[in-house]
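Each chain is listed here by its residues.
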Amino acid sequence: MSVFVGVDVGAKTVVLAWRKGGRTRGKLDIQQTPEGHAQAVERIKALKAVQVVMEATGVYYLDLAVALSKAGIVVSVINPKSFHHFAQLKLAQSKTDPLDAALLAEYAERMTPAPWTAPDTLRMALRDIGRQINRLTATRTQAKNRLHALRSKRDTLALLIEDEVEAVERLDQRIERLSNAAQRLIAEDAVLNSQFQHLLAAKGVGVASAIALLAELSVLPQHLKAPQVSRYAGLDIRLCQSGSSVNKASRLSKAGNAYLRSALYMPALSAVRHDPNAKAFYLSLQRRGKKKIQAVCAVMRKYLTGLWACIQLGEPFDSSKLFSKIHLAEA
């Protein structure tokens, strides 16, 4: 009889449950660490499981999925909504990590989802560099704000100002070094290099933004549709039309990849100033009563759709294909 494994992934711990002959046979709790991942690989191999299923939960599933895939284990990474609907069909009354893991094992047995293909080492390295640049950029912004505050204060010690200036300069050097390393990685791969150039064709997307965007988008399955990528980035709209809140304003879900949203924000701001099509779309939304930040987020979502199309189709970014000419005529 075949063995199927369900994996419930959390930020700190992971729960494995395995199913054989239509029954759950056991479970194992591991830590969300490289050592824990190695333990999971060892256990799943000992079980001789034919398939492992986990949800695409935030960013926490990826490292474990890669570790299992590298070990030659068949892994399927499913959409959380698909699993949610499956749980509803099963009339699942309770929701705990062990129960979810067992239900994921049953999902594997009954639904036989398609195997997941892990991103290659180069793309994973690019993602890690992109995220480190993002973190260092945030730290640099904080340092610059502190420096501004020190310079604005009377009688600030010169030593404190010099120390903060050195911190900013050091962060500049680290960011530049990582940016150069990312560009060298991109240059090693013809596909990545082509995609990088296509992203740079978009108004507002410079080298730093293109690195950050490509770092996140290159590890995604290429079969994803634009709405799925928007949901992955947390740029999908969450409606609130229930009870007394029927007229409550809709909001971004933000239940997705914060690195990708961060990488899109500045290009969108630049696009509404320098790209005629994006600017016309932005202004049309404001005329319809949208706030400035809502209109910017809508441009971010549109831009993500266009950038994802560039990656899938191998074509340079062209905003005229993305925004309606009606908005341009009304501008």
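Here is what the cut-offs are and how they apply
- Residues numbered from 1 in each chain as written.
- Predicted model: local features only at pLDDT ≥ 70, side-chain atom pairs only at ≥ 80, totals over all residues.
- Heavy atoms only, no water.
- Helix = DSSP H or I, 4+ residues; strand = E, 2+ residues; numbered from the N terminus.
- Buried < 20%, exposed > 50% of the residue type's maximum accessible area, 1.4 Å probe, protein only.
- Contact = heavy atoms within 4.5 Å.
- Lys, Arg positive; Asp, Glu negative; His and termini not counted.
- Charge placed at Lys NZ, Arg CZ, Asp CG, Glu CD.
- Pairing = 2+ DSSP bridges.
- Axes fitted to C-alpha atoms, helices over the stretch in contact; angles between N-to-C directions.
- Domains from an automatic or database assignment.
- Buried area = accessible area lost by both parts, 1.4 Å probe.
- Salt bridge = Lys/Arg side-chain N within 4 Å of Asp/Glu carboxyl O.
- Phe/Tyr/Trp six-rings, centres within 6.5 Å; stacked < 30°, edge-to-face > 60°.
- Lys NZ or Arg CZ within 6 Å of the ring centre and 35° of its normal.
- Polar contact = N/O pair within 3.5 Å; in protein donor to acceptor, adjacent residues only side chain to side chain.
- UniProt positions renumbered as here; feature names shortened; annotations may be inferred.

In the annotation of an unreviewed UniProt entry, the entry for the protein chain reads IS110 family transposase, and the organism field reads Pseudomonas cavernicola.

Asks: Explain the overall build of the protein chain to me, please; I cannot follow it from the model alone.
Replies: When helices and strands are counted, the protein chain shows 13 helices and seven strands. The C-alpha extent of the protein chain, read off along each of the three principal axes, is 70 × 55 × 50 Å. The burial tally for the protein chain puts 43% of its 331 residues in the buried class. Considering only contacts within the protein chain whose residues lie at least 6 apart along the sequence, 61% involve residues at least 24 apart. For the protein chain, the separation between the mean place of its 47 positive charges and that of its 28 negative charges on side chains is 8 Å.

Asks: Hey, could you run me through helix H2 (residues 61–70) in this one?
Replies: Residues of H2 that are buried: Tyr61, Leu62, Leu64, Ala65, Val66 and Leu68. Structurally, H2 contributes buried residues whose contacts are with strand E1 (3–9), strand E2 (13–20), helix H1 (34–47), strand E4 (51–55), strand E5 (75–78) and helix H5 (121–152). A positive phi of about 85° marks Gly72, the residue just after H2.

Asks: Help me out: how do you make sense of the sheet that holds E4 in this one?
Replies: Adjacent strands of a sheet form backbone hydrogen bonds with each other and so pair up, either parallel or antiparallel. Across the sheet, which stays open at both edges, the five strands sit in the order E3-E2-E1-E4-E5 with mixed pairing between neighbours. Each edge of the open sheet carries a strand with a single partner, namely strand E3 (23–31) and E5. Neighbour-to-neighbour, the strand axes of the sheet open up by a mean angle of 20°, direction not taken into account. With four bridges joining them, E1 and E4 adopt parallel strand pairing.

Asks: Would you explain the domain arrangement of the protein chain in this entry?
Replies: When the parts come together, some accessible area is lost, and that loss is often what is quoted as the size of the interface. Along its sequence, the protein chain is carved into domain 1 (3–111), domain 2 (120–188) and domain 3 (201–238 + 251–330). A separation of 25 Å is found between the C-alpha centroids of domain 2 and domain 3. Together domain 2 and domain 3 conceal approximately 970 Å² of surface at their shared face, both sides included; 67% is due to carbon and sulfur atoms. The interface formed by domain 2 and domain 3 includes one salt bridge. The shortest N-O distance in the salt bridge between Glu216 and Arg131 comes to 2.9 Å. Elements with a minimum of two residues in the side of domain 2 that touches domain 3: H5 and helix H6 (158–188).

Asks: Before we go on, may I ask you to explain the pattern of salt bridges in this structure?
Replies: Once the charged atoms of two side chains with opposite charge are near each other, the side chains can pair. Counted according to the given criterion, the structure contains 13 salt bridges. Asp63 is the salt-bridge partner of Arg127, the closest N and O atoms lying 3.6 Å from each other. Here Arg127, found in helix H5, pairs with Asp63, found in helix H2; they are 64 residues apart in sequence, far enough to count as distant. Among the salt bridges present, the one from Lys321 reaches Glu315, with a minimum N-O distance of 3.6 Å.

Asks: Where do I start with the packing of aromatic side chains in this structure?
Replies: In this description, a pair of aromatic rings is defined by centroid distance and the angle of the planes. Applying the stated criterion across every chain yields a total of three aromatic pairs. Each ring, one from Tyr303 and one from Phe317, has its centre 4.8 Å from the other, and the planes form 55°; the classification is tilted. Here Phe317 lies in the loop between helix H12 (292–313) and helix H13 (325–330) and Tyr303 lies in helix H12, a separation of 14 residues in the sequence. Across the ring face of Phe281, the terminal group of Lys302 is positioned such that the distance to the ring centre comes to 5.6 Å.

Asks: Sorry if this is basic, but what is going on with the pairing of E4 here?
Replies: Each regular strand carries side chains that alternate between the two faces of the sheet. Within E4, five of the five residues are buried, leaving the element largely enclosed by the surrounding structure. With burial as the criterion, each face of E4 is covered, one bearing Gln51, Val53 and Glu55 and the other bearing Val52 and Met54. Where E4 meets E5, four bridges bridge the pair, whose relative direction is parallel. Bridge pairing links Val53 to Ser76 in E5.

Asks: Sorry if this is basic, but what is going on with the side chain of His198 here?
Replies: When you line up the elements, His198 lands in helix H7 (residues 190–200). Reaching out from His198, the side chain makes a polar contact with the backbone oxygen of Gly314 at a distance of 3.1 Å.

Asks: Mind showing me how you'd approach the UniProt feature "coiled-coil region" (unreviewed entry) in the protein chain here?
Replies: As annotated by UniProt and renumbered to match this structure, "coiled-coil region" (unreviewed entry) occupies residues 126–188. Counting secondary structure, residues 126–188 comes out at 92% helix and 0% strand; the distance between its end C-alpha atoms is 11 Å.

Asks: How should unusual backbone geometry be read in this particular structure?
Replies: Phi is mostly negative for residues that are not glycine, and the peptide bonds are mostly trans. Backbone geometry places Lys48, a non-glycine residue, at a positive phi of 55°. A positive phi is found at Asp155, a non-glycine position, where the angle reads about 65°. On the secondary structure map, Asp155 appears in the loop between H5 and H6.

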